[in-house]
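Survey of secondary and tertiary structure
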Amino acid sequence: MNIKDLKTPVYVVDEKAIIRNLEILKEVEKSSGCHILLAQKAFSMFRIYPLISQYISGATASGLFEARLAYEEMKGENHVFCPAYTEEEMHELCSICDHMSFNSLRQLELHRSIWEKSKVSVGLRINPEFSTQEGHEIYDPCAPGSRLGIREKDMPEHLPLGVEGIHFHTLCEQDAAPLADTVAYVEEHFGTYLREVKWINLGGGHHITRPGYDIELLKKTILHLKETYDVEVYLEPGEAIALNAGYLYTKVLDIVENTLPILILDASAACHMPDVLEMPYRPPLRDAGEAGEKKYTCRLGARTCLAGDVIGDYSFDRMPEIGDILTFEDMAIYSMVKNNTFNGMPLPDIALMHSDGSVETVRSFDYEDFKNRLS
Ligand SMILES: Cc1ncc(COP(=O)(O)O)c(C=O)c1O
């Protein structure tokens, strides 16, 4: 099938771009000896889990359902972190995961009788209280009042019996320098525990596959941890695996006028790319410029009832027409995992563009998918 034959809206994941990212990550694993896991919260296209597992060590989950998905579809290690587990979840997680991190000492002890009988290697998530990002408090687990991780002042003198790992996740779309700074801070404040564990998990937020990322500093930081503490080092990026490796194709359904031409699309920020409103950010649009940069500036909006369901203002060399297909870029991550059917909007299909350029629709959605989530 050709791109032109796809029904819109559709997420198209670019296999070649995924492989390009995976090659970089594989090289980091190989030369530093770390283990890289796919954080499924960012990207859960399980159709390509077999491909992903040829390059990296496995996956990490935010809870039971993602853990089950990795267990069923991905070869390799299966890790999980959730701020609180229920007893029923704990039984199943202990049978399908090999590593599990707890967010509090209370949760660790509550479930001790279950995990102690299993083969799971257990860790504690710490909150280093060392923020390296500004502007996005919603994405900063070190922000004041955060519920994520145990603070230094709440840690016991030594790790509780059976705890084999330390986990921290503090970054968001960042380079290696903030990681190196965080590691130095953690060594200073949590150093005793690093000497007591078998593994350290550095969380996600590492933009390793972004051009210009300081891979050498990342490797140096990993090697330092491995050599100093004799530990296995884990990284669990989500974005880096599918960064710049997917598109959302959308059709112009109508054009209305209010101060400027407003294109009504069959894609929605609220339903199909929620981070555009949540973060917020303006997704790149192929062949378009900033407002005012090219001859025709238009606002791009959705066909939902939400007045704020606007993707942004973009400019074009030629005035877009009804029926045109527009291509939003970098739409593999935090898109299909977060979409919804608000207003009864159809979910975009999911397609895979193979390395030879052919395109395959992997999954189509219809009315039943909308209805089945309601009662
Ligand atoms: C615990 C944890 N690990 C990994 C990730 C993945 O982060 P990213 O997709 O930014 O690499 C997140 C993101 O929120 C997270 O909370």
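Residues numbered from 1 in each chain as written. Predicted model: local features only at pLDDT ≥ 70, side-chain atom pairs only at ≥ 80, totals over all residues. Heavy atoms only, no water.

Overall, parallel pairing links the eight strands, which are arranged 2-3-4-5-6-7-8-9 in a closed barrel. The average undirected angle you get between the axes of adjacent strands in this sheet is 25°. The sheet contact formed by strand 8 (residues 199-201) and strand 9 (residues 232-235) spans three bridges and is parallel. Residue N201 lies in a different strand from strand 9, and its bridge partner there is Y234. Helix 4 (residues 87-96) rests against strand 4 (77-81) and strand 5 (99-102) of the sheet, and its axis sits at about 140° to strand 5. (Pairing = 2+ DSSP bridges. Helix = DSSP H or I, 4+ residues; strand = E, 2+ residues; numbered from the N terminus. Axes fitted to C-alpha atoms, helices over the stretch in contact; angles between N-to-C directions. Contact = heavy atoms within 4.5 Å.)

Pairing between side chains becomes possible if they bear opposite charge and their charged atoms approach one another. Counted under the stated rule, the structure contains 20 salt bridges. Here K338 makes a salt bridge to D275, at a shortest N to O gap of 2.6 Å. Linking K338 in the loop between strand 14 (325-329) and strand 15 (349-353) with D275 in helix 11 (residues 275-278), this pair joins segments that are 63 residues apart in sequence. Given the relative accessible area of 26%, K338 is considered partly exposed. Each of E27, E216 and K219 takes part in one network of salt bridges that share partners. (Salt bridge = Lys/Arg side-chain N within 4 Å of Asp/Glu carboxyl O. Buried < 20%, exposed > 50% of the residue type's maximum accessible area, 1.4 Å probe, protein only.)

With that settled, consider the domain arrangement of the chain. Domains assigned within the chain are domain 1 (3-11 + 246-331 + 339-371) and domain 2 (33-242). Computed from C-alpha coordinates alone, the two centres of domain 1 and domain 2 are separated by 33 Å. The interface of domain 1 with domain 2 comprises ten residues on the first partner and nine residues on the second. Roughly 740 Å² of surface becomes buried between domain 1 and domain 2 when both sides are summed, with 59% attributable to carbon and sulfur atoms. When residues of domain 1 are sorted by the area they lose upon contact with domain 2, E278, M279 and L352 head the list and together hold 60% of the total. Linking domain 1 to domain 2 there are one salt bridge. For R47, the salt bridge is made with E360, and the minimal N-O distance between the two is 2.8 Å. The interface formed by domain 1 and domain 2 holds three residue pairs in polar contact (both at pLDDT 80 or more) in total. Secondary structure elements with two or more residues in the side of domain 1 that touches domain 2: helix 11, strand 15 and strand 16 (359-363). (Domains from an automatic or database assignment. Buried area = accessible area lost by both parts, 1.4 Å probe. Polar contact = N/O pair within 3.5 Å; in protein donor to acceptor, adjacent residues only side chain to side chain.)

Before going further, it helps to spend a moment on the pairing of strand 6 (residues 121-125). Where burial is concerned, most of strand 6 is hidden: five out of the five residues are buried. The pairing of strand 5 with strand 6 spans four bridges and is parallel. Within strand 6, the position partnered with F102 by the bridge is L124. Taken together, the four bridges between strand 6 and strand 7 (residues 163-167) define a ladder with parallel strand orientation. Counterpart to G123 in the pairing with strand 7 is G165.

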